[in-house]
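Geometric and topological summary
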Amino acid sequence: MIPKAMYRNLYILIAGGASLLAIFLLFFNGSARGRADFAWVNGTEPETLDPCYMTGQPEGDIATNIFEGLTTYHPETLEPTPGVASSWTQEGLIYTFQLRPDAWWVKGGQILTVDGKPRHVNAHDFVYAWMRQCVPESGSQYSFLLDYIVGVEEFKNETKANWNELIARRKSQNKTPPAKLADLDSDERKEVEAFRDRLWKEKVGVRPKGDLVLEVELRSFVPYFLQVTNFYPLFPVPREAVEAHDKEWILPRNIVTNGPYTLKDWRFNAYIRLQKNAHYWETEKHVAARLQDLAHKTDLPRRLALEKDLLTRLGSFEKHGLATLDALAIESDDTALNLYINGDVDRIRRIPPQVAGELLRAHREKPIPHIHAATSPSIYFYDVNLELPIFKDKVAGRQLRQALALAIDRPRLIREVSRAEQTPAYAMVPPSMRGYHAEPRFGTGTLKGDLQKANDLIQAFQSAGNAKPQLRILYNTLEAHKAIAAFIQDQWKTNIGIDAKLENQEWQVYLDSRRTGKFDLARAGWIPDYSDPNTYLELYTSDDLTSDKDPSRLSKPIVFNQQNHSHYNNTHYNRLVIEYAARVLDYLSDMNKRDAMLQDISSWPDFKEAIADRVRTNQKTSWNELHEAIPLYDQASGTEAKLEAAQRIRLFLLEIAEQMLMWDLPVIPIYHYTTSEVWPPELDGIGLNEREMHPAKFLRWKEGRRPAGTRYDAFPRFHSQTIDKP
Amino acid sequence: MLVMVLKRLGGVILTVWMVATLSFFLIRLAPGNPFANELHSLSPEEDAARRREYHLDESYSVQYGYWLWDLCRGDLGDSMKYRGKTVNALIAQTFPTSLALGSMAMLMALVVGMTTGVLAALRQNSPTDYALMAVAVFGISLPSFVFAMLGIVLFVFGARLFPLAGWESYRHVILPAMALSLPFAAKISRLTRVGMLEVLGEDFIRTAYAKGLAERHVVIKHALRGAMLPVISYLGPAFALILTGSLVIEKIFFLPGLGTIFVQAATNRDYNVVLGTVVVFSTLLCFFNFLVDLSYSLLDPRVKGSTGE
Amino acid sequence: MTALLDVVNLRTSFPTPSGLVRAVDGVNLKVEPGGSVGIVGESGSGKSVLSLTIMGLVACPPAIITADKIEFEGRDLSHASQAQWRGVRGNRLAMIFQDPMTSLNPFLTVGDQLAEPLIVHRQASAADARNKAKELLQRVGIPAASERLDAYPHQFSGGMRQRVMIAMAMACEPALIIADEPTTALDVTVQAQILDLMREIRESAGTAFVLITHDMGVAAGFCDEINVMYAGRVVERGSTRSIFRDPRHPYTKALLESVPRLDDPPGGRFLPIPGQPPDLTSLPVGCSYAPRCRWVQPGCLETAPTLVPVENDPARTKACFVDMADPKGQV
């Protein structure tokens, strides 16, 4: 009875609401997908999946699963296990890798065929990938890892010259400068490619011998080389895909992979879904054959014993590997932990700092089976800008820096400010470094002693006529860094009367300031690329190896290591790290060179104070231990034994280098991070290791997995703590 | 009418162009390098090659020319940080999420806001009125992330009704949309109430009652139109605020939306992504404002350019 | 003949923070079928509130309304339910308001608003109502009626709008139309047209009118009977002729004198009524007009006068103790 026209306004409102609802339904793109067999929180969205260009852990975790290098990490010990290479041998500095014929390139779930033939990973793929790292326009940030290979440095230099020449030539012809090969005219491109191929063949020690054998000749002794072959910058890359699609070859519709998993779905800022590669080489048959092989041998070397144990324990990937994986792009550690506790994800990388202290303490008292904690090899430290006027006088500058380093109560900092059971750092190399005596390299051992020494140093500093400076501490805008800086500022004021000002900058600006030397002290961090002290120590080198003997060297520009923001230029240090330690085999095998080296080292001015007098915990000095190790090298017989002995000597040399570094203190170490990984006890094929690398290939669920959304009760109730200022 | 529409659309295009151009130069003037990374840096040649690839070695006007030409062909360029991803692809994946979230939030705000506003106006000065308006004041004053956190504590950890993060099913939409919509629902509630009360005090309402019309008839047919108009005017700025508010909500609930990309890109100095999102956001905003103006002129016959003239 | 509208002793008061405002303080009103009654007074005299109360448009809380009788067409409206009121309003009893611009809904077409009473009271179909609306527009003299049906109020001139209001009031052929200052917002020539229209409707349809105005001239031209209101009370009542020829209440006289005439000598002075209208929250004990009265006597301040017949004619009453011809006489 009520007329319809009356409701016109209501119709208008309903129409408005309906159109909003229509927009919603039309644009809603939720990704309802089934539960993956294994899901982990991967952190920030990966920048790229191209192994040549990636640099971060989120990218690496994905790459390790969809690609495969010559070798793969053993999940617990990080020992190299067979990957694309089924076996390898080492003769002196030459490694020979035997590639397997069934490591297929896979596209869209099917084996890639080229000209009708199935395409497996061959030695030329490695040459292509590694060359790609070394060319000047590549933008690869890990190409330094290949520098140990014979001829790579020359290749890089000559291709760089060639490229620059090309740019200049094009400029004179009024053509636009090229950004990549594809920008060149076709004849120019052929010329460049031919040049590079020829140069590589002539100079570089990476030689394919047929399709299935790859020979790699190193320039110097690199004991961790086989670790590096596990690492994604050295993964092979499918030439056909890269050339066909350029930057876009990594998209799910284009990508070609060779790993145990394929890239199924990539939703930006949400998740990446990986799917089991049905054509992966680790089949039941393969495993059975391999185990049979190994069964016959009784006295297996460690590596093979580990491999056998792994295969027996975990079975073949074909039969027992997990079918789908999800990597979630969630940046917040808090949310990650919540998701884990609620049973929505199966692994997170770290416990958020605010609750880490409480949880780790609880874990120490009564172990929580989900938490796997250890001292991490990553380090938190301050870069010191050595170009400041106060550091012009070497002696005074060093006194000041040593005082600054000593006047920080690190245990208290950790207890009250950062609160995640970190380890105080009195050296750069972490205590977890295997085979290396990682000890405090400065400090008296007690806080009281440290503060006393610091004050003595300041007095000496002042009595030489120097005024106490005011310093600025630079950090990027983050509450945690601010709290630490404020603590240290207070420590310096209270303990040695030095004023410091805090300065925070936005991320990009901060990176810029560090790079261009616009800082006094800058907060810094370093995550190692492989498990060897060299990854820390080479950061502070420059290319000046001769200026102590040849002063004219200083008139030429000095190239610092890209992380050497302090601009530390110690010729002796450089020689020790870049020459003696890296080429230790050369120096040991030739008596004259050996003597010259030892002479050189003992002639250095800092020798007595920094090296010879510094007594270690075992009451010896590194210098003494070095001299004790040398005859052991001479006595060793057989290549393996000699290499082992040489490695020990090399590590002593590096200890001496670290001692020198920590004498000069171009950087002030603060603490080593704690690794606190979390995964459920029902997960097998995973272990705590210092690279935090867990290839999904090995993951197995023991006795079944918890249903989705089951809360893990093993976690105690905890309270989030805010970071207090001292 | 058609002329007015075309003129307004032209205005939209002009505004978007101006905003985008301004952003173009601003982001390039900000210090920082799109290719910077803390742990590993590029060598000078590699940096040069990258810059060449994105035309960053040319003068600003040349870069602008490239960018504008590409824009006219619908190509927003490539991301500098996420190599291999085009800005178009990134936006295509994330924009629908933000739009769906925003439209659902706006729908909730309108439904809740208008019904409570009308209710409060009709029961003016009653306990219901006071209660609703008190809640509305809270809604306007508290920031949306407070509601989001509260919602998470109550409904995700407490009642375990909704998921914590992600954008998968409709269940993932409810809590974020509610948190986003609450301040707007409150504002719309107050606007509706005030608008309704004002209209109910007008003479023509008295005339309507004098004609013997029932209350329901008078409210819905005579009063509601006048009460709706202030709300519709508010929708323009509300939409802008919903867009900016969605940045926070997306961060809290880890929704893969355009807002998150925008913030990340600004921090990373990913020029093309920043500009792409600026273009998308401003176009959306201008267009939505245009629609609001259009509907306002359609609904109020006294406005020039409507059917009543 | 039973009166069409019979109101006895109506009081409408509004409680305010400063006191009780007695807007209508004991008013009687009687309208015969087809009659035209005028209510004249200043602003604040209570005439509008009176009409609104009779229409039932004053909200009972907060207002306090009492009456001995409100009878319309024989039915007692004072205790009627809302539904019953709705049946009467717009149907048998209609109202025209002062400002046609604000009294018409700007968001609805004129045709829509015209059709409403027909649809609600006569259950007319949309098409029938539209036709009738067109006829109504033509009836009130609006040209191009069918196009004008779809026009909006702001597209009409002031006079046209008032015609539309009249058409709306007439739609269901009510027995009584209350017109509250229908011409005040219009200019003089249009005023005359509107009054002509109303007169014509009264003649042709036999509709009774109550015309409320502050303008004596308008009342004179239209009404048969005039009620003069002051401070919520009727102070004089009578036929138009007798009121104008021989006003018996000082206020009425002062009102008539204050209107300038065409034949006044140029350069003469205006004669406004001195003083202010009283504060309705605190009316004086005696006659409310006494503070401004030229003929005030001591007795006026003690008791409030009631309406008493003049010269024994019940149709002619005044509420005053004083005989203006002989002030010192009665009291």
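Throughout, a residue's number is its position along its own chain's written sequence, starting from 1. Both sets of labels track the order of writing: A upward for chains, 1 upward for ligands. Under the rules for a predicted model, residues below a pLDDT of 70 receive no local features and side-chain atom pairs below 80 are neither given nor counted, while totals for whole chains, interfaces and linings still include all residues. The side-chain numbers reported here are obtained from all heavy atoms of the structure, hydrogens and water having been left aside.

1. What to know about the overall build of chain A
Here is the rule we go by: A run of H or I in DSSP counts as a helix once it spans at least four residues, and a run of E counts as a strand once it spans at least two, with each numbered from the N terminus. C-alpha atoms define the radius of gyration, and 2.2 Å times the number of residues to the power 0.38 defines the globule rule. Contacts are residue-level and defined by heavy atoms, with any inter-residue pair within 4.5 Å sufficient. Per-residue and other accessible areas were derived by the Shrake-Rupley procedure at a 1.4 Å probe size, with only the shown protein chains allowed to occlude residues.
For chain A, the helix and strand inventory stands at 24 helices and 23 strands. Its C-alpha atoms give chain A a radius of gyration of 29 Å, near enough to 27 Å, the size a compact globule of 726 residues would have. The principal-axis extent of the C-alpha atoms belonging to chain A is close to 100 × 75 × 70 Å. For chain A, the proportion of contacts with a sequence separation of at least 24, taken over those separated by at least 6, is 72%. Put simply, chain A shows about 29800 Å² of open surface, and 52% of that area lies on carbon and sulfur atoms.

2. Observations regarding the interface of chain B and chain C
The criterion, for reference: Throughout, the accessible surface (probe 1.4 Å) given up by two parts as they are put together, summed over both, is called the buried area. What makes a salt bridge here is a side-chain nitrogen of Lys or Arg within 4 Å of a carboxyl oxygen of Asp or Glu, nothing more. Under this definition, polar contacts are N or O atom pairs within 3.5 Å; protein pairs additionally need one hydrogen-donor-capable and one acceptor-capable atom, and for neighbouring residues in sequence, both atoms have to be side-chain atoms. Classification convention: Asp, Glu, Lys, Arg as charged; Ala, Val, Leu, Ile, Met, Phe, Trp, Tyr, Cys, Pro as nonpolar; all other residues, Gly among them, as polar.
Tallying the contact residues gives 22 residues for chain B and 27 residues for chain C. Across the chain B/chain C interface, buried area totals approximately 2200 Å², and carbon plus sulfur atoms make up 61% of it. B:Lys221 is the partner of C:Glu116 in a salt bridge, and the nearest nitrogen-oxygen pair spans 3.4 Å. Where chain B touches chain C, the interface holds 14 residue pairs in polar contact (both at pLDDT 80 or more). At the level of elements, helix H8 (203-210) and helix H9 (215-253) of chain B are the ones that each hand at least two residues to the side of chain B that touches chain C. For the side of chain B that touches chain C, the class distribution of residues is eight nonpolar, six polar and eight charged.

3. Topic: empty space enclosed by the protein
Put simply, the rule is: A cavity here means a set of points on a 1 Å grid, drawn over the protein atoms and nothing else, where a 1.4 Å probe fits but cannot get out; a pocket is an open set with protein on both sides within 12 Å along at least five of seven lines, and a residue lines either one if it has an atom within 4 Å of a point. Grid points are joined across faces, edges and corners, and a volume is the space filled by probe spheres set on the points.
All told, the structure shown has 13 cavities of 30 Å³ or more when counted by the stated rule. Taken as a whole, the largest cavity holds about 170 Å³ of empty space. Lining the largest cavity are 15 residues, with A:Glu47, A:Gln141, B:Asn37, B:Arg50 and B:Lys81 positioned closest to its centre.

4. Things to note about a nonpolar patch on the surface
Residues and elements named next belong to chain B. To keep things clear, this is the line we draw: Think of a patch as exposed residues, more than 30% relative accessible area, with no salt bridge, where like charges cluster within 9 Å and nonpolar side chains (Val, Leu, Ile, Met, Phe, Trp, Tyr) cluster within 5 Å. Summary of the burial criterion: residues with accessible area below 20% of their type's maximum are buried, those above 50% are exposed, and those between are partly exposed, where the area comes from a 1.4 Å probe applied to protein chains only.
Judged by side-chain polarity, Leu22, Leu26, Leu29 and Tyr60 come together as a nonpolar surface patch covering roughly 430 Å² of accessible area. Looking at the nonpolar patch, the element that brings in the most residues is helix H1 (residues 2-29), giving three residues. Locating Leu26 in the fold gives a position in helix H1. By relative accessible area, which is 54% here, Leu26 ends up exposed.

5. Regarding unusual backbone geometry
Residue and element names in this part refer to chain A. The residue Leu665 is not glycine, and still its phi comes out positive at about 50 degrees. Mapped onto the elements of the fold, Leu665 is located in the loop between helix H24 (639-664) and strand S21 (667-678). Classification of Leu665 by relative accessible area gives buried; the value is 1%.

6. Notes on the packing of aromatic side chains
Let me state the cut-off plainly: When two rings of Phe, Tyr or Trp (its six-membered ring) have centres within 6.5 Å they constitute a pair, described as stacked for plane angles under 30 degrees, edge-to-face for angles over 60, and tilted for the intermediate range. Here, a charge over a ring is recorded when the distance from Lys NZ or Arg CZ to the ring centre is within 6 Å and its angle to the ring normal is within 35 degrees.
All told, the structure shown has 46 aromatic pairs over all chains when counted by the stated rule. On the basis of an interplanar angle of 40 degrees and a centroid distance of 6.0 Å, the ring pair of A:Phe24 and B:Tyr170 is categorised as tilted. With A:Phe24 in helix H1 (residues 8-27) and B:Tyr170 in the loop between helix H6 (144-158) and helix H7 (171-200), the pair connects residues from two separate chains. Its relative accessible area of 48% is what places B:Tyr170 among the partly exposed residues. Of the aromatic side chains, those joined through ring pairs into one cluster are B:Phe24, B:Phe25, B:Tyr60, B:Tyr64 and B:Trp67. Sitting above the plane of the A:Phe317 ring, A:Lys276 keeps its charged end 5.3 Å from the centroid.

7. Some points on the environment of C:Gln98
Residue and element names in this part refer to chain C. Mapping Gln98 onto the fold places it in the loop between strand S7 (93-96) and helix H3 (100-103). What makes Gln98 partly exposed here is its relative accessible area of 35%. A sequence separation of 12 residues divides Gln98 from Val110, and the C-alpha atoms of the two residues are 18 Å apart. Ignoring sequence-local partners within four residues, the contact set of Gln98 consists of Gln162, Asp180, Glu181, Pro182, Thr184 and Ala185.

8. Things to note about the packing of H6(B) against H7(B)
Residues and elements named next belong to chain B. Let me state the cut-off plainly: Lines are fitted to the C-alpha atoms to define the axes, a helix being fitted only along its stretch in contact, and any angle between axes, read from their N-to-C directions, falls within 0 to 180 degrees. Helix crossings fall into two classes, left-handed where the near helix is turned counterclockwise from the far one by less than a right angle and right-handed where it is turned clockwise.
Remark: H6 packs on H7, axes separated minimally by 9 Å, with the N-to-C direction vectors making an angle of 145 degrees. Where H6 crosses over H7, the handedness of that crossing is right-handed. Across the interface between the two elements, Ser144, Phe147, Ala148, Gly151, Ile152, Phe155 and Val156 of H6 pack against Leu175, Ala179, Leu182 and Pro183 of H7.

9. Some thoughts on the pairing of strand S13 (residues 261-267) of chain A
All names here are of chain A. Worth spelling out the cut-off: At least two DSSP bridges between two strands are required for those strands to pair.
The buried fraction of S13 amounts to five of the seven residues, a majority that puts the element mostly inside the structure. Sheet analysis places S13 next to strand S14 (residues 271-276), joined by six bridges and oriented antiparallel. The partner of Thr262 across the bridge, within S14, is Gln275. Between S13 and S14, which pair antiparallel in sequence order, lie three residues; one of them, Asn269, sits at a positive phi of approximately 60 degrees.

10. Comments concerning the domain arrangement of chain A
How large an interface is tends to be reported as the accessible area lost when its parts come together. Residues and elements named next belong to chain A. Here is the rule we go by: All domain edges in this entry derive from an automatic or database-based domain assignment.
The domain architecture assigned to chain A consists of domain 1 (376-529 + 667-677) and domain 2 (569-665). Measuring from the centre of the C-alpha atoms in domain 1 to the corresponding centre in domain 2 gives 27 Å. With 19 residues of domain 1 at the interface, the matching set in domain 2 holds 15 residues. Together, the buried faces of domain 1 and domain 2 total about 1600 Å²; carbon and sulfur atoms form 47% of this surface. If you sort the residues of domain 1 by the area they bury against domain 2, Arg398, Tyr436 and Arg441 come out on top, with a joint share of 38%. For the pair domain 1 and domain 2, the interface holds three salt bridges. Where domain 1 packs against domain 2, one counts 13 residue pairs in polar contact (both at pLDDT 80 or more). Breaking the side of domain 1 that touches domain 2 down by element, the ones donating at least two residues are helix H13 (394-406) and S21. Tallying contributions element by element places H13 first for the side of domain 1 that touches domain 2, with four residues.

11. Considerations on the sheet that holds strand S7 (residues 110-111) of chain A
All names here are of chain A. Spatially, three strands are ordered S7-S6-S12 in an open sheet, and the strand pairing comes out antiparallel. Two strands in the sheet have a free side with no partner beyond their single neighbour: S7 and strand S12 (256-257). Pairing of strand S6 (residues 106-107) with S12 involves two bridges; the strand directions are antiparallel. Along S12, the bridge assignment pairs Val106 with Thr257.

12. Structural notes on the nonpolar core
The test is simple: Among the buried residues, those of types Ala, Val, Leu, Ile, Met, Phe, Trp, Tyr and Cys that are joined through side-chain atoms within 4.5 Å form a nonpolar core.
Membership of the largest hydrophobic core comes to 106 residues, with the highest contact counts inside it found for A:Phe715 and B:Met106. Broken down by element, the residue count for this core peaks at 18 residues, all from H9(B). Residues within four places of B:Met106 in sequence aside, it is in contact with A:Leu20, B:Leu235, B:Ala238, B:Phe239, B:Ile242 and B:Phe288. Listed in part, the 101 residues of the second largest apolar core include C:Val27, C:Val164, C:Ile212 and C:Met216.

13. Re the side chain of A:Asp606
Residues and elements named next belong to chain A. Relative to the helices and strands, Asp606 is located in the loop between helix H21 (591-602) and helix H22 (607-612). Since its relative accessible area comes to 16%, Asp606 is described here as buried. Not counting residues within four places of it along the chain, the set of residues in contact with Asp606 comprises Arg398, Ile611 and Trp663.

14. A look at the pairing of strand S9 (residues 208-213) of chain C
Residues and elements named next belong to chain C. Burial within S9 is extensive, with six of its six residues counted as buried. Burial along S9 is two-sided: Ala208, Val210 and Ile212 facing one way and Phe209, Leu211 and Thr213 facing the other are all buried. Both strand S3 (residues 36-40) and S9 contribute to a ladder of five bridges, which runs parallel. In the strand pairing of S9, Val37 is matched with Val210. Pairing between strand S8 (residues 176-180) and S9: five bridges, direction parallel. Bridge pairing in S9 places Leu176 opposite Ala208.

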